[in-house]
Amino acid sequence: MNRIERRRPGFTADLLVRVLCVWLGVAAIFVVTKWGAIQGMVLPDPDDTLRMVQVRDLLAGQSWWDLHQYRIAPPQGMLMHWSRLVDAPLWAVQLLLRPMLGASLAEQVAMVFVPLLTLGCAMLMAARLAWRVIDTPTMYYTCVLLALASPVTAQLQPLRIDHHGWQIVAVLAAINGLTARSNRTAGWLAGLAIAAGLTISLELLPVAALIGAVLVLRALYDPAERIAPAAFLQALALAGLGLFFLSHGLADLANHCDSLSPAWLGALVVAAMGATGIAAMPRLPRYGLLLAYGGVGALCLATLLALAPECARGPFAALDPLVRSYWYNNVYEGMPVWYQKSYSAVQMLVPPALGLWAALRLRGQNVGWLQRFWSEYALILGGLIVLSVLVARSAAFSCALGVVPLAWQVRAWHLRAHRLEHPLRRIGMILAIAALVMPGVPLLGLSKLLARSGPPAAQTAAEQVCNLPLAAATLGRLPQGTVFTQIDLGPQLISLTGHRVVATAHHRAPLAMHDLIAASIAAPADARPLLARYDARYVLVCPGLVEVGNYRLNAPQGFVPQLADGKAPDWLKPLPLPPESGLKLWKITQP
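This write-up is about the structure you can find in this document. (Residues numbered from 1 in each chain as written. Predicted model: local features only at pLDDT ≥ 70, side-chain atom pairs only at ≥ 80, totals over all residues. Heavy atoms only, no water.)

This paragraph deals with the pattern of salt bridges. Tallied over the full model, the rule gives 15 salt bridges. A salt bridge links E225 to R372; its shortest N-O distance comes to 2.8 Å. Here E225, found in the loop between helix 10 (205–221) and helix 11 (227–248), pairs with R372, found in helix 16 (residues 368–390); they are 147 residues apart in sequence, far enough to count as distant. For R372, a relative accessible area of 25% puts it in the partly exposed group. Note that D258 is salt-bridged to R508, the shortest N-O span being 2.8 Å. Of this pair, D258 sits in the loop between helix 11 and helix 12 (262–280) while R508 sits in the loop between strand 4 (500–501) and helix 23 (510–521), placing them 250 residues apart in sequence. Each member of the pair D258 and R508 is classed as buried. Linked by salt bridges that have partners in common, R51, R84, D87 and D162 make up one network. (Salt bridge = Lys/Arg side-chain N within 4 Å of Asp/Glu carboxyl O. Helix = DSSP H or I, 4+ residues; strand = E, 2+ residues; numbered from the N terminus. Buried < 20%, exposed > 50% of the residue type's maximum accessible area, 1.4 Å probe, protein only.)

As structure tokens, then:
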């Protein structure tokens, strides 16, 4: 059993240099593999595009405190639920580089450098865990496995500037905090990290609950450690308040259920006060301590519901049924894992499950604080695996956390493989290790092989993509106005032109989303007044877009399906676009 006290100093030059060397190699590979997309600025997701627009607006003079996107849902615009914390590094890098490189190249560099910087931070946090609680060689395996964890690196690629990457960093930083020698320090470090993650997005709320529950269990196991959950909640509340005012100011004090707002902050303050009171109380029996913590949790929930009762149903409960049916139910990253493709599902579940098994093995091989640490690690990782089964995008957290114990196990397997004398057995074992680490790769290859042997129409129909950049110059020469187009095209359109759009895939404009979908599936005569509500001047359709296919499937005689088939009402005048773009454009004529 391991009885060595391995809690080294926070960050040493040796650790930083070792991680930097691995990061530079991985970053170079990522840049080379994404070079075509980088050159053409082909962003991976509409959220990345809208984030780019948000930073452009900030650089153009929009207030730091003003989170409205005024070219969506005109005339009033849409208040975004995103945090300025994610905008800040993109804004700072461009501000620094613009005098030397110009606005366009500075933006391109920021779009590559900031996600890779996020990758470096995640790699450092994961490697530090391995270095601090296992050994130095395992940190190299940890870095490599993190780079191979596709649910993680999908959020940490060049051009992927949305908020998920920084949330991964926040989770890894919080677990690093739990290794501190002092319970107070452990609680504070974990709380500060999770407060930053919650300010970025409330998606980390279940992670905060898992860490809080583990610290409560620590206090129940040893009542002398009641300071740990108190410190965690103190940091969560105080840092949450500070970061809220830093990123929002006093411009928006409304209670929102989808972001850290006064109601959530009030609940956190109540929880912090309650946990602090428990820590200051005389020694209690465990059942009394459990009842006390349960009472604090109930009071915290009551505070939230008293300040914002609508949050009892969740942030998306109030969605219009039409929006839920056509948009929300088709956002597969927010759906359970059984809605994902088989190769994605196994990659989301198998490596972290192996990591959980390895964490339990590490628990059994250690004593003292390390045994407790691996117990807590296994509980948090197990909770994240359950969460990723229910919400697929959470697999990034479970995979990131799973790589540390998995790296220890893979290193042990690798050393065993090298001790095998027969070359074929050695190769077979190494291939088996690779299949366990990347189980989705064989399934992906098989699915592509089956797709090639299928009917040609089935291979291409759902994958046809319109080339909006090719049409951007023509669209940009038109007088600026509101364009009625598909939800998924909206961010790219406003990034390439000065036009406005009716709606995008962002739920803070529910009426605009409803009207866009309703108009898309309505008869042309019924669609016209909905377009007039937003003073729409143009109609743009991408016939091959999946969104259009959904409209065609459910309402083949609807406005957008008919336009996609080339049947336009007489109040639309066709305008030319490059045929290679695959797009169709009309101008709305006056009565």
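Now that the structure has been shown, we can carry on.
Here we take up unusual backbone geometry. Geometrically, the link from P74 to P75 is a cis peptide bond, its omega value of 5° lying close to zero. Along the chain, the position of P75 falls in the loop between strand 1 (68–69) and strand 2 (78–79). Residues other than glycine seldom take positive phi values, yet D535 does so here, at roughly 55°. Tracing the backbone through its elements, the reader meets D535 in the loop between helix 24 (524–533) and strand 5 (536–541).

Another aspect to go through is the packing of helix 4 (residues 84–101) against helix 5 (residues 103–133). For the pair helix 4 and helix 5, the least separation of the axes is 8 Å and the interaxial angle reads 140°. Between helix 4 and helix 5, the angle falls in the class oblique. For helix 4 against helix 5, the interelement crossing comes out right-handed. Here P89, L90, V93, Q94, L97, R98 and L101 of helix 4 come into contact with helix 5, specifically with A103, L105, A106, E107, V109, A110, F113 and V114. (Axes fitted to C-alpha atoms, helices over the stretch in contact; angles between N-to-C directions. Parallel < 35°, antiparallel > 145°, perpendicular 65-115°, else oblique. Left-handed = near helix turned anticlockwise from the far one by under 90°. Contact = heavy atoms within 4.5 Å.)

This part covers the side chain of D162. Within the secondary structure, D162 sits in the loop between helix 7 (150–153) and helix 8 (164–177). On the basis of relative accessible area, D162 is assigned to the buried category, the value being 3%. Polar side-chain contacts of D162 include one of 3.1 Å to the side chain of H163. Ignoring any residue separated from it by four or fewer positions in sequence, one finds D162 in contact with D47, D48, R51, W82 and V86. (Polar contact = N/O pair within 3.5 Å; in protein donor to acceptor, adjacent residues only side chain to side chain.)

A word on helix 24. The set of residues buried in helix 24 consists of A527, L530 and L531. Taken end-on, helix 24 shows its buried residues confined to a sector of 100°, consistent with a single buried face. Facing away from the buried surface of helix 24 by more than 90 degrees, the exposed residues are A525, D526, P529 and A532. In this structure, the buried residues of helix 24 make contact with strand 3 (482–484), helix 23, strand 5, helix 26 (559–564) and strand 7 (584–588). With its phi angle positive at about 55°, D535 sits one or two positions after the end of helix 24. (Arc of directions from axis to C-beta.)

In this structure, the second largest pocket spans a volume of roughly 580 Å³. Surrounding the second largest pocket, 25 residues form its lining, A209, L233, A271, G297 and C300 being those nearest its centre. Sorting the residues of the lining of the second largest pocket by element identifies helix 10, helix 11, helix 12 and helix 13 (286–307) as the ones contributing at least two each. Looking at the lining of the second largest pocket, the element that brings in the most residues is helix 13, giving 8 residues. When the residues that make up the lining of the second largest pocket are grouped by side-chain class, the tally is 22 nonpolar, 3 polar and no charged. (1 Å grid on protein atoms, 1.4 Å probe; cavity = no way out; pocket = protein on both sides within 12 Å on 5 of 7 lines; lining within 4 Å. Points joined across faces, edges and corners; volume = space filled by probe spheres on them. Nonpolar A, V, L, I, M, F, W, Y, C, P; charged D, E, K, R; others polar.)

Next up on the list: the environment of L238. Inspection of the secondary structure puts L238 in helix 11. L238 gets classed as exposed once you look at its relative accessible area, which sits at 54%. Measuring from C-alpha to C-alpha, the distance between L238 and G191 comes to 9.3 Å, with 47 residues separating the pair along the chain.

So, on to the sheet that holds strand 4. Taken in spatial order, the 5 strands make up an open sheet running 4-3-5-7-6, and their pairing is mixed. Strand pairing shows two members of the sheet lacking a second neighbour, strand 4 and strand 6 (572–575), which therefore form its edges. Direction of pairing for strand 5 relative to strand 7: antiparallel, over a ladder of 4 bridges. Looking at the pairing, V541 lines up with K584 of strand 7. (Pairing = 2+ DSSP bridges.)

Bringing the pairing of strand 5 into the picture now. Buried residues dominate strand 5, accounting for 5 of its 6 residues. Where strand 3 meets strand 5, 3 bridges bridge the pair, whose relative direction is parallel. Bridge pairing in strand 5 links F484 to V539.

Time to look at the state of the cysteines. Across all of its chains, the model carries 2 disulfides by this definition. At a sulfur-sulfur separation of 2.0 Å, the disulfide partner of C257 is C311. Linking C257 and C311, the disulfide has an S-S dihedral of approximately -95° and is accordingly described as left-handed. Taken together, the residues C257 in the loop between helix 11 and helix 12 and C311 in the loop between helix 13 and helix 14 (321–326) connect sequence positions 54 residues apart. (Disulfide = S-S within 2.5 Å.)

Attention now moves to a nonpolar patch on the surface. A cluster of nonpolar residues, L96, M100, L101, L105, V109, F113 and L117, forms a patch on the protein surface that exposes about 620 Å² of accessible area. Put simply, the parts of the chain that give the nonpolar patch at least two residues each are helix 4 and helix 5. With 4 residues, helix 5 is the single largest residue contributor to the nonpolar patch. Structurally, L105 can be placed in helix 5. Assessed through its relative accessible area of 38%, L105 is described here as partly exposed. (Patch = residues over 30% accessible without salt bridge, like charges linked within 9 Å, V, L, I, M, F, W, Y side chains within 5 Å. Areas by Shrake-Rupley, 256 points an atom, 1.4 Å probe, with all protein chains shown as cover.)

One pass over the full model with this rule turns up 3 cavities of 30 Å³ or more. Looking at the largest cavity, the residues that line it are V86, L90, V114, P115, T118, Q155, L156, R160, I161, D162, G165 and W166. Counting only elements with at least two residues in the lining of the largest cavity, the list comes to helix 4, helix 5 and helix 8. When residues in the lining of the largest cavity are grouped by element, the largest group, 3 residues, is from helix 5. When its residues are assigned to classes, the lining of the largest cavity shows 7 nonpolar, 3 polar and 2 charged. Taken as a whole, the second largest cavity encloses approximately 50 Å³ of empty space. Forming the boundary of the second largest cavity are L145, L148, A149, Q347, P351, V403, L406 and V437. When residues of the lining of the second largest cavity are traced back to their parent elements, those giving at least two are helix 6 (136–148), helix 15 (342–364) and helix 17 (395–418). The residue makeup of the lining of the second largest cavity, split by class, is 7 nonpolar, 1 polar and no charged.

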